Amino acid sequence: MGPKRIVILGNAGSGKSTLARMLGHELSLPVIHLDKLFWGPGWTKPVRSAFRQKVSDAVEGPAWITEGNYHHQTFDLRLPRADLVIWMDTPRLTCAKRVALRTVRSDQRTDLPAGCAEKLDREFIAFLRYVWRFDEVYRPVIEAARETHGGHVPVIRLGGRAKVRHFVETLQPSATTG
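Cut-offs and rules
Residues numbered from 1 in each chain as written. Predicted model: local features only at pLDDT ≥ 70, side-chain atom pairs only at ≥ 80, totals over all residues. Heavy atoms only, no water. Axes fitted to C-alpha atoms, helices over the stretch in contact; angles between N-to-C directions. Helix = DSSP H or I, 4+ residues; strand = E, 2+ residues; numbered from the N terminus. Parallel < 35°, antiparallel > 145°, perpendicular 65-115°, else oblique. Left-handed = near helix turned anticlockwise from the far one by under 90°. Contact = heavy atoms within 4.5 Å. Nonpolar A, V, L, I, M, F, W, Y, C, P; charged D, E, K, R; others polar. Pairing = 2+ DSSP bridges. Salt bridge = Lys/Arg side-chain N within 4 Å of Asp/Glu carboxyl O. Buried < 20%, exposed > 50% of the residue type's maximum accessible area, 1.4 Å probe, protein only. Arc of directions from axis to C-beta.

Explain the packing of helix α5 (residues 92-104) against helix α6 (residues 122-150) here, please?
Two measures define how a pair of helices packs: the angle their axes make with one another and the distance between the axes. It is the contact of α5 with α6, at a shortest axis distance of 9 Å, that shows an interaxial angle of 160°. Relative to α6, the element α5 lies roughly antiparallel. The element α5 and its partner α6 pack so that their crossing is right-handed. Counted together, Arg-92, Leu-93, Cys-95, Ala-96, Val-99, Ala-100, Arg-102 and Thr-103 of α5 and Phe-124, Phe-127, Leu-128, Val-131, Trp-132 and Glu-136 of α6 form the full contact between these two elements. Grouping the amino acids of the contact of α5 with α6 by side-chain chemistry returns 10 nonpolar, one polar and three charged.

Is there a simple way to think about the sheet that holds strand β1 (residues 5-10) in this case?
Strand order in the open sheet formed by five strands is β2-β3-β1-β4-β5, with parallel pairing between adjacent strands. Two strands close off the open sheet at either side, each with one partner strand: β2 (31-33) and β5 (155-158). Neighbour-to-neighbour, the strand axes of the sheet open up by a mean angle of 20°, direction not taken into account. Here strand β4 (residues 84-88) runs beside β5; their pairing, made up of four bridges, is parallel. Looking across to β5, one finds that Ile-86 is bridged to Ile-156. The strands that α6 touches are β1, β4 and β5; relative to β4, the one it contacts most, it runs at about 175°.

Quick question: what am I supposed to make of the pattern of salt bridges here?
Working definition: two side chains of opposite charge can pair if their charged atoms are close together. Under the criterion given, the structure shown has nine salt bridges. Arg-92 serves as the salt-bridge partner of Glu-136, at 3.4 Å between the closest nitrogen and oxygen. Of this pair, Glu-136 sits in helix α6 while Arg-92 is found in helix α5, placing the two residues 44 residues apart along the sequence. You can call Arg-92 partly exposed: its relative accessible area is 28%.

Would you explain helix α7 (residues 161-169) in this entry?
Residues lying three or four places apart along an α-helix face the same way, a consequence of the helix completing one turn every 3.6 residues. Taken residue by residue, α7 has Val-164, Phe-167 and Val-168 as its buried positions. Along the axis of α7, the buried positions cluster into a sector of 95°, meaning they face one direction only. Facing away from the buried surface of α7 by more than 90 degrees, the exposed residues are Ala-162, Lys-163, His-166 and Glu-169. Each element contacted by the buried residues of α7 is listed here: α1 (16-27), β4 and β5.

Please explain helix α4 (residues 71-78) as it appears in this structure.
Most of α4 is tucked away, with six of its eight residues classed as buried. Turning to α4, its buried residues number three or more, namely His-71, Gln-73, Thr-74, Phe-75, Leu-77 and Arg-78. Buried residues of α4, seen end-on, are gathered within an arc of 165° and therefore sit on one face of the element. Buried-residue contacts for α4 involve β1, α2 (34-38), α3 (48-58), β3 (64-67) and α6.

Structure follows, in structure tokens:
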């Protein structure tokens with residue numbers, strides 16, 4: 001029996017949302033975009049308990065894919081139930097380019113709620129700084145929290161489109177969903 005509850009982690013622009021959509025399609029699993037649960041219109045932040053309740057409700061079912069880090073707020077809800085963790089090991093330059101391109105193009109992202117358009121402003125510069133420092137500053141903290149809440153869960157690390165494509169192509173939907 002393959003994984004039915006998958007947690008996808010990684011830097012912004014690493015391909016978490018894209019992989020989640022691909023896996024959701026291939027495995028017929030519901031995809032939960034944590035950014036969509038977290039952010040309100042105009043990038044407003046929720047009350048912590050309200051966000052946690054949304055995540056708790058979303059992962060209550062027997063099968064799902066979550067994408068997004070939110071380690072402080074949600075690892076205790078997601079990781080104990082997870083069958084698989086996928087770390088997106090995308091180089092930071094690639095992540096920064098993707099974030100910049102989607103912002104400049106004003107892409108309508110399905111993984112964000114309505115009213116959360118990305119734009120070139122002061123917050124964007126701060127966000128690019130986060131992307132650039134992710135591997136050195138944030139990944140070790142997220143990884144430590146992953147070990148604490150889900151050290152028992154197998155981890156796959158994917159870097160590059162070819163490895164992601166190969167991983168998705170080798171999945172057996174009937175074994176995973178059945």
